[in-house]
Amino acid sequence: MYIRDIIMTKRFGKTLSAEQIRHFIEGYSAGDIPDYQAAALVMAIAIHGMTPEELSVWTDSMLHSGSVLDLSSIPGTKVDKHSTGGVGDKISICLAPMVAACGVPVPMISGRGLGHTGGTLDKLEAIPGFNVRLSTEKFIRLVGSIGLCLIGQTKDLAPADKKLYSLRDVTGTVESIPLIASSIMSKKLAEGIDGLVLDVKVGRGAFMKTEKEARKLAETLIEIGVRAQKKVSAFITNMDEVLGNEVGNALETKEALDVLHGKGPKDVTELTLKLGAEMLILGGKADGEEAARKILEKAIESGSAIEKMRTLIDAQGGDSSVIDQPDLLPQASHKISILSPESGTIHSVDPLKIAHAAMMVGAGRERSEDSIDPAVGITIIKKRMDKVTKDEELAILHHNGGSSVEKAKETVKAAYTISDDSPERCPLIIDIIKGD
Ligand code: URA
């Protein structure tokens, strides 16, 4: 089989055979196919797309390019959640222990922040000592014994995706729905899950800028999951606004702990409960949203959700005293108040600008090898629809010095649009698509 023929098939918009796809993924993973030929093929896929059958084989080949975890020895339906990434999205940190406290095992393999989106691993590592680099054996053991574990991607999980993602990153082929969907699902299916709840974000702070694109991505993700015989649901949620009030690793971890203590911001709590309810339904612990929600609310009220978080932190080597003393989380040495230049109503707070400002003070990374400062970030005091008077505090910039602080401050200020009239209300959850 010639790689040139495989490239030409897709170049002319024809359908690749299962043999052609497997030959390519195996050959590329093994290092037998050079990057220039792989780049030509992914570009042709980015232009012409893939049929559902092609996509299913493509994902399956990527999934089997490494090992697939076997969680069958652990009783219960194992359910994970994946977000396509946003600004202030700390949901996994409160959701995983809450759902595990309700009896659904959560095996969660997460990523680091890259570009404007934050990463769960970076946020967890703000907890002193928390280790996200556990072996797969320990990962499986903890999911079995305490009902959850949160780690980073290991070398042997979907290695073809790691190679292809790096290639896509430098060849302008990241933004392709079949390539994004297969990349996400190959990693998630490698976890050995039975069910998956997806949070597909749409808006200025998300990968998908329009509802149409987000819906297409959600449907594609579901189709792959259903073909792999998993229970899958996808939420389409708004990312035109920062989720919650905190952006920055330690700040976001503290906010997630607040949710588990029952005093989190309304939007983060609501999205956690909605996604959690769906996880309980897929996990067979409730037969409808109302019943599931009651179980989750009880886990917060009884303290079992926060206690599960304490158990998780202890099990992964972290200092669980942060649960009762969140001030033990890293704190920046300086705080600057950003004041409103005028009176009026907040029309919008651009999440992308907030994320860029957070990156300027060191909260995020431009390249995967960059280091981050866990303590820095931004607290959003005034959000969309809030009234504000001139010189009232809009936000707080937490920083540890550096040459970009002034620029970060200006960027936070520029993120705010204030006017006399009230903006339209927009829903946090736009739609829920179920995969059955
Ligand atoms: N996240 C992934 O894991 N893969 C993509 O291609 C895009 C986002």
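Before reading on, note that the structure itself is shown above.
A short tour of the structure in this document, coming up. The shown structure was predicted, so the numbers you read here are calculated from the model rather than taken from an experiment. Sequence positions are assigned chain by chain, starting from 1 and proceeding in written order. In keeping with the model being predicted, local features are shown solely for residues with a pLDDT of at least 70 and side-chain atom pairs are shown and tallied solely at 80 or more, while totals for entire chains, interfaces and linings include all residues. Calculated side-chain values reflect all of the structure's heavy atoms, with hydrogen atoms and water omitted.

A few words on the sheet that holds strand S9 (residues 377-380). Strands pair, by our definition, only if DSSP identifies at least two bridges between them. Strands are runs of DSSP state E lasting at least two residues, helices are runs of H or I lasting at least four, and both sets are numbered from the N terminus onward. Spatially, 4 strands are ordered S6-S9-S11-S7 in an open sheet, and the strand pairing comes out antiparallel. Both edges of this open sheet fall to strand S6 (246-247) and strand S7 (334-339), since each of them pairs with a single strand only. One ladder, built from 4 bridges, connects S9 with strand S11 (residues 393-399); its direction is antiparallel. Bridging from a neighbouring strand, Gly377 pairs with His398 of S11. On the sheet, helix H15 (residues 351-360) packs against S6 and S9 and is oriented at approximately 140° with respect to S9. By the convention used here, residues are in contact when the closest approach between their heavy atoms is within 4.5 Å. Angles here are taken between N-to-C directions and fall from 0 to 180 degrees, while the axes themselves are lines fitted to C-alpha atoms, restricted in helices to the stretch in contact.

It is at 10 Å that the axes of helix H8 (residues 159-171) and helix H9 (residues 177-190) come closest, and there the two elements cross at 150°. Classed by the angle they form, the pair H8 and H9 counts as roughly antiparallel. Crossing handedness for the pair H8 and H9: left-handed. Two secondary-structure elements touch here, H8 through Asp161, Tyr165 and Arg168 and H9 through Leu179, Ile180, Ser183, Ser186 and Lys187. Lys, Arg, Asp and Glu make up the charged group, whereas Ala, Val, Leu, Ile, Met, Phe, Trp, Tyr, Cys and Pro make up the nonpolar group; the residues left over, Gly among them, are polar. Taken together, the residues of the contact of H8 with H9 sort by class into 3 nonpolar, 2 polar and 3 charged. By the definition adopted for this analysis, an angle is roughly parallel if under 35 degrees, roughly antiparallel if over 145, roughly perpendicular if from 65 to 115, and oblique otherwise. Crossings are sorted by hand: turned counterclockwise from the far helix by less than a right angle, the near helix makes the crossing left-handed, and turned clockwise it makes it right-handed.

For the rest of this paragraph, the subject is the site of the ligand. Being near a molecule or strand, for a residue, means having at least one of its heavy atoms within 4 Å of it. Residues in contact with the ligand, as listed here, are Tyr165, Arg168, Ile180, Ser183, Ile184, Lys187 and Phe207. Polar contact is the term for a pair of N or O atoms within 3.5 Å; when the atoms are in protein, one must be able to donate a hydrogen and the other to accept it, and sequence-neighboring residues count only if both atoms are side-chain atoms. In this structure, Arg168 approaches the ligand through a side-chain N or O atom, which is 2.9 Å from an oxygen atom. Take Ser183: an N or O atom from its side chain is 2.6 Å from a nitrogen atom of the ligand. Protein contact buries 88% of the 230 Å² of open area that the ligand shows by itself. Areas reported as accessible are Shrake-Rupley estimates using a 1.4 Å probe. Residue values count occlusion only from the protein chains shown.

Attention shifts here to the side chain of Thr154. By the element assignment, Thr154 lies in the loop between strand S3 (148-152) and H8. Each residue's exposure class comes from its accessible area (1.4 Å probe, protein chains only) as a fraction of the maximum for that residue type: buried when under 20%, exposed when over 50%, partly exposed otherwise. The class of Thr154 is buried, set by a relative accessible area of 16%. Residues within four places of Thr154 in sequence aside, it is in contact with Leu134 and Thr136.

Further remarks concern the nonpolar core. Nine residue types can take part in a nonpolar core, namely buried Ala, Val, Leu, Ile, Met, Phe, Trp, Tyr and Cys, and a core is a set of them joined through side-chain atoms within 4.5 Å. Among the nonpolar cores identified, the biggest contains 139 residues, and Trp58, Met309, Ile354 and Ile378 are the most heavily contacted of them. Residues contacting Trp58, with those up to four places away along its chain left out, are Ile21, Phe24, Ile25, Leu41, Val42, Ile45, Met50, Leu164, Leu179 and Ser182.

On to helix H7 (residues 136-146), then. Of all the residues in H7, the buried ones are Thr136, Phe139, Leu142, Val143 and Ile146. Burial along H7 is one-sided: seen end-on, the buried residues are contained in an arc of 125°. Exposed side of H7, more than 90 degrees from the buried face: Glu137, Arg141 and Ser145 are the residues found there. Those residues of H7 that are buried are in contact with strand S2 (106-110), S3 and helix H14 (304-315). In the segment just after H7, Gly147 is the residue with positive phi, at about 90°. Relevant arc is that of directions from the helix axis to the C-beta atoms, nothing else.

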